[in-house]
Amino acid sequence: MLVLFIFAESRAEEPIIPLSLFRNRIVGISQVVIFLTGIGMFGGIIFIPLFFQGVLGVTATTSGTFLMPMMLGVVGGSFVSGQLLSRAGGHYRALGAAGILIMSTGIALLSRMTADTSYSAAVVNIVITGIGLGVTLPLYTIIVQNAVPYSMLGVATSSTAFFRSVGGSVGLALLGSVMNNRFAAEFIDRLPGMIKAIVPADQLDSLAHNPQALVSSEAQEQLRGLLGQLGSQGAALFEQILQALRQSLSSALGEVFLIALIITLIAFVVHLFVKEIPLRKHH
């Protein structure tokens, strides 16, 4: 589809995304950075609530509210970024590098979280990630707008949102696949042999590929009822399975954030090739 899209755009009289836009080196490099940081942004938005709900055991409503500190960090980072850019000479290259490094630091801290991580420590990690996002998100829009002629201003601006969304879609597919595969492998490895012998294999396989017992009270009751048939040891087995689920999800999410960190560091390296030109006062 990408090949067909490029073919169509190269022949269209009024292309949605003019390919000539990417002959501008500043625009091309910036779009790559936007795409890569989009993976980190959507990875954080999607998987952070899952960590709070599945690993730390909070409710779905509460896990969603933990995104609020991240969004406040984004707002604060955007404000500081805009002020520094306008008041400190428009040095967007240094500011962009700082923003990506702050974001990378936050993601690195997220990758080290476990079931023993406190709520306050997790919130600090989220805020750091949000501040880095806040610095970088509006900055690259300004970089692209500053590098194109007035006639290309609209399409250049909208293309930044497009590449960020595509990055998020690709990132969600990639990171989600890693999490599912890692979780399934970890869960089976962490289960005691006695549980593997008692609980039906199809039930364990269902849990390994769809850990609803961590986020659904109904699924927990079904699992508890199944194990209740085993008598007094059923309750103990239930707790062991939940513990294995939490540890497996924590390990899988740690690997997800680690991959997001690697991708963000690649974005930092790409950013170093962005050429800095003076900011326009007008078009």
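Cut-offs used in this document
Along each chain, residues carry numbers from 1 onward, in the same order as the chain's sequence is written. Reporting of local features is limited, given that this is a predicted model, to residues whose pLDDT is at least 70; pairs of side-chain atoms are given and counted only at 80 or more, and all residues count toward the totals for whole chains, interfaces and linings. For side-chain calculations, the full set of non-hydrogen atoms in the structure is used, while hydrogens and water are omitted. In predicted models, pLDDT denotes the confidence assigned by the predictor to each residue on a 0 to 100 scale. Helix numbering and strand numbering both begin at the N terminus, where a helix is a DSSP run of H or I of at least 4 residues and a strand a DSSP run of E of at least 2. Buriedness of a pocket was judged along seven lines, with at least five required to meet protein on both sides within 12 Å; pockets are open sets of points on a 1 Å grid over the protein atoms alone, cavities are sets where a 1.4 Å probe fits but cannot get out, and lining residues have an atom within 4 Å of a point. Grid points are joined across faces, edges and corners, and a volume is the space filled by probe spheres set on the points. Note on ring pairs: Phe, Tyr and Trp rings are taken, using the six-membered ring of Trp, and paired if centres are within 6.5 Å. Classes follow the plane angle, with under 30 degrees stacked, over 60 edge-to-face and the rest tilted. Partly exposed residues are those whose accessible area sits between 20% and 50% of the maximum for their type, while under 20% is buried and over 50% is exposed, using a 1.4 Å probe and protein chains only. A patch consists of residues exposed above 30% relative accessible area that lack any salt bridge, with like charges linked at up to 9 Å and nonpolar side chains (Val, Leu, Ile, Met, Phe, Trp, Tyr) linked at up to 5 Å. Per-residue accessibility takes into account occlusion by the displayed protein chains alone, with areas from the Shrake-Rupley method and a 1.4 Å probe. Counted as salt bridges are all cases of a side-chain nitrogen of Lys or Arg within 4 Å of a carboxyl oxygen of Asp or Glu.

A. Structural context of the confidence of the model for the chain. Within the chain, residue pLDDT values average 86, and 95% of them lie at 70 or more. Mean pLDDT across the elements of the chain ranges from a minimum in helix 10 (residues 217-228), with 70, to a maximum in helix 5 (residues 92-111), with 93.

B. Focus on the layout of surface pockets. Approximately 180 Å³ is the volume found for the largest pocket. Lining the largest pocket are Leu2, Phe5, Ile6, Ile17, Leu19, Phe22, Phe162, Phe163 and Val166. Breaking the lining of the largest pocket down by element, the ones donating at least two residues are helix 1 (2-11) and helix 7 (153-190).

C. Highlighting the packing of aromatic side chains. With the rule as written, the count across this model stands at seven aromatic pairs. Here Phe51 and Phe52 contribute two aromatic rings whose centre-to-centre distance is 6.1 Å and whose plane-to-plane angle is 85°, an arrangement assigned as edge-to-face. Both residues of the pair, Phe51 and Phe52, count as buried. A network of ring pairs unites the aromatic residues Phe51, Phe52, Phe66 and Tyr119 as a single cluster.

D. A nonpolar patch on the surface, seen in detail. Judged by side-chain polarity, Leu2, Phe5 and Ile6 come together as a nonpolar surface patch covering roughly 280 Å² of accessible area. Along the chain, the position of Leu2 falls in helix 1.

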